[in-house]
Every structure is written in structure tokens, then in C-alpha cells.
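# Secondary and tertiary structure notes
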Amino acid sequence: MRNQVENEQPPHTESPAQLEQYYRDMVFIRHFEEKCNVAYRQGKIGGYMHTYIGMEALAVGWLYSIRKGEDYVITAYRDHAHALLLGTDPVAAMAELMGRKGGTAGGKGGSMHLFDPEKGFYGGWGIVGGHIPLGAGLAFASKYRGQDRVTLNFLGDGAANQGVLFETLNMASLWELPCIFIIENNEFAMGTRLEYHAADTHLWKRGEPFGIKSERIDGMDALDMRENAQRIVDWVRENQKPYLVEVMCYRFSGHGAADNDRQLYRTKEEELENMKRDPIKRLEAVLIERNILNAERLEAIDAELIEQVEKIYEAADAQPFPDVSEVYDNIYTDMTPDKGH
Ligand SMILES: Cc1ncc(C[n+]2csc(CCOP(=O)(O)OP(=O)(O)O)c2C)c(N)n1
Ligand SMILES: [Mg+2]
């Protein structure tokens, strides 16, 4: 199987409670995303929508490795999991997807534009590669202000071909910005497989010409992901320099909710083979092997989280749509002095 990396790992030392929490977070994300897919098909969510199904270990690994609310996180449009694990109110996230008033952007951004600066989350961006320099800007701001912050700058394998990445890597290296460029290599850019879009498929090498410490790691095992992410975040915090990491994973779902024809670009057999690496199933096996949770408890957690997601959906669905009179609000920031800015 491709997109598989075996890194030398130190023994995992997480407590049983911590392991259970990682598991809960991943299962919660999975059910949240599955509910989104259903809601989309029922016409309750519109526009573009992309889920993180199969990539949950990345969210857990990275977002447990930072100081939540202080460090900065920015990503592209596949953004639900990042917001949820940073602590964005899940009802506000779901309401945003459903275009409702209580959404994180007042219901006007939708799935691709979750945004929650109080939690250190700066989006949610739809232009492939467009947010990469913004992430470097966040890192620049924290450095300039003398704040001890690290920026996680997530991007896809497709986005790794955008010219703006190379310009940003140059400046990030030159200015020694505490920014981690995390390439989520899920093997596809929409329906285009990695080797059809990248001249050099070793995406981790893209940091090297700029003197940026770079490596490739596995993203399908939550515990390995967690260890590696913490090591890299700690290094960047201590050295105040950028880092580039290619995280090998696989997109279980279609590109977005409107991609109903995956077999045009990959076979069912390939999907099933990759699904054997399901990060949730892998952590489940660890929990059982270490006698932390038995099959019955795992089932109970699953049912509890399905119900939790259902309640989140119902709470979001009970919200009104924004009023028509608000249509031009929040297009520009109101900088007038009497508004307290
Ligand atoms: C500048 C630009 N070009 C093209 C698109 C259309 N588009 C949307 S997603 C996507 C694929 C990006 O793939 P990748 O970076 O690997 O991210 P993934 O969807 O796998 O998370 C493309 C080409 C776009 N949104 N922006
Ligand atoms: Mg991709």
C-alpha cells in the first residue's frame, strides 16, 4: 500500500483516560462528518462541503500538541475537525454549515469558512493555497509581538503545487517564523491522484531548498501522529523556526459532498485496502489490547456520540436563517472609532 510510513516511535505513554479521550474525539468527528453528509443530501446544507473522514488522527495528533487558544491554526476548506477540536461550539459549527444565524460566521460562510479567532482558529479558506501566506502572517505577527506562539498551517497535497507555497516558504525561512507547514497528503486533489499532479511526489522535500527542516510521517495512527506532532511543535516553539511535514493519509470519502463518482478515479478495492488502516479501528485495537475499554464500552461510546451529534444537529436546525436585512453586514470590518476598535 502507498502512503504508508513506518517511523521509529518511542513507546506511547498516554494514560488510559487520555487514550479514551482521543478515541472519543475521533469517533465524534466521524459521526459529525457523517451527519453532515446526510444533512447535505437532505438539502439542509448547501454550497461546498468536504469531510475529514479517514483523517481524524491528524486532527487529534496536532491539536492536542498545541496550546489551545494561544497558538494559531489555519487550514483550507476541509476544516470541520480542526474547529471542533479547538473547542469551537459544535452547534455553532453545524449552524454555520446549515447557513443559520448562530453559525460561527453568522451563517454566511458555510462549511469552507468556519472561523473562530477566540479559539485561535483563523479559517477555513476556499482558494487552494490561498491561506498559506496568511498562516505565515499569523506566525509573523506572534513573533513581531514577542508572543510565544506556534502556527499550524495545514494544506493539501494539491495545494503543495501552488506557487504561493514556495514564496511563503522562502519568507518563512528568511524571517525564521514559528510556522509548521503540514501537508495533509491524502493522495488526491479532487479526482487527481498524487502522481498525476506532482512532478516530485516526495512533498516533504519542498521545504529543503529553503533550508527548512522537513520530514514525512504517518498520519493513520493516532498515537504515532500525536508523538510526532508534539515533537515537532516543541522543536518549533524552542527554535522559533519553520518546519515542513508531509503527513501520509488517505481520504476515505469523496473530495466533497458532491463527489458521488469516486470509482472514476480509484477502485473500490483500493478504497477497501486503505480502509484497513482506519485510524479509529487502530486505536480501538489498542484500547482493547490494553484492557482500557471492552467491546461493550466501545459500542456504548459510539451510541452516546451518535446521540450527541443528533442533538447538535437538532439545535442547529432549530435556529433561524440570517435576516435578509443583514445581507451586507460584516463584508468589511467596521473600523469607525465609536465602534470601539
Ligand atoms: C486556486 C484554486 N484552484 C482550483 C480550485 C478547485 N479545487 C478545489 S479543491 C481542489 C483540490 C485540492 O486538493 P488538496 O490540496 O490535495 O486538498 P484536499 O481536498 O485533498 O484536502 C481544487 C483543485 C480552487 N478551489 N482554488
Ligand atoms: Mg489532497
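This text goes with the structure placed above it.
The present account deals with the structure reproduced in this document. (Residues numbered from 1 in each chain as written. Chains lettered and ligands numbered in written order. Predicted model: local features only at pLDDT ≥ 70, side-chain atom pairs only at ≥ 80, totals over all residues. Heavy atoms only, no water.)

## Section: the coordination of the magnesium ion (ligand 2)
- The protein atoms that coordinate the magnesium ion (ligand 2) are Asp157 (OD), Asn186 (OD1) and Phe188 (O), at distances spanning 2.1 to 2.2 Å.
- Read in sequence order, the donor residues for the magnesium ion (ligand 2) give the motif D-x28-N-x1-F. (Donors = N, O, S within 2.8 Å, 3.2 Å for Na, K, Ca; no water.)

## A short note on unusual backbone geometry
- The step from Gly123 to Gly124 runs through a cis peptide bond, and the omega angle for that step is 20 degrees.
- Note that Gly124 resides in the loop between helix H4 (90-97) and helix H5 (132-144).
- One non-glycine residue, Glu187, lies in the positive phi region at around 80 degrees.
- By the element assignment, Glu187 lies in the loop between strand S3 (179-185) and strand S4 (188-189).
- Overall, the relative accessible area of 2% leaves Glu187 in the buried class.
- Positive phi, close to 60 degrees, is recorded for Asn291, a residue that is not glycine.
- Summarising the element assignment, Asn291 is placed in the loop between helix H10 (279-289) and helix H11 (295-317).
- Residue class for Asn291 comes out exposed when judged on its relative accessible area of 71%. (Helix = DSSP H or I, 4+ residues; strand = E, 2+ residues; numbered from the N terminus. Buried < 20%, exposed > 50% of the residue type's maximum accessible area, 1.4 Å probe, protein only.)

## Notes on the site of ligand 1
- Every one of the 15 residues lining ligand 1 counts as a neighbour, but Tyr77, Arg78, Gly158, Ala159 and Asn186 are closest to it.
- Here a nitrogen atom of ligand 1 sits 3.1 Å away from a polar atom, N or O, in the main chain of Val128.
- A distance of 2.9 Å is found between an oxygen atom of ligand 1 and a side-chain nitrogen or oxygen belonging to Asn186. (Near = heavy atom within 4 Å. Polar contact = N/O pair within 3.5 Å; in protein donor to acceptor, adjacent residues only side chain to side chain.)

## Here we look at the pairing of strand S7 (residues 243-248)
- Here S7 lies mainly inside the structure; 6 of its 6 residues are buried.
- Where burial is concerned, the two faces of S7 agree: the one with Tyr243, Val245 and Val247 and the one with Leu244, Glu246 and Met248 are both buried.
- With 6 bridges joining them, S3 and S7 adopt parallel strand pairing. The residue bridging Ile183 from the neighbouring strand is Glu246, located in S7.
- When strand S6 (residues 213-218) meets S7, the two strands line up parallel, connected through 6 bridges. By the bridge assignment for S7, Lys213 is matched with Tyr243. (Pairing = 2+ DSSP bridges.)

## Thoughts on H5
- Compared with the 18 Å implied by 1.5 Å per residue over 13 residues, the 18 Å span of H5 between its first and last C-alpha is a close match.
- For H5, the full list of buried residues reads Ile132, Gly135, Ala136, Leu138, Ala139 and Ser142. Projected down its long axis, H5 shows its buried positions confined to an angular sector of 150 degrees, all on one face.
- Close packing links the buried residues of H5 with strand S1 (72-74), strand S2 (151-156), helix H6 (163-174) and S3. (Expected span 1.5 Å × (residues − 1). Arc of directions from axis to C-beta. Contact = heavy atoms within 4.5 Å.)

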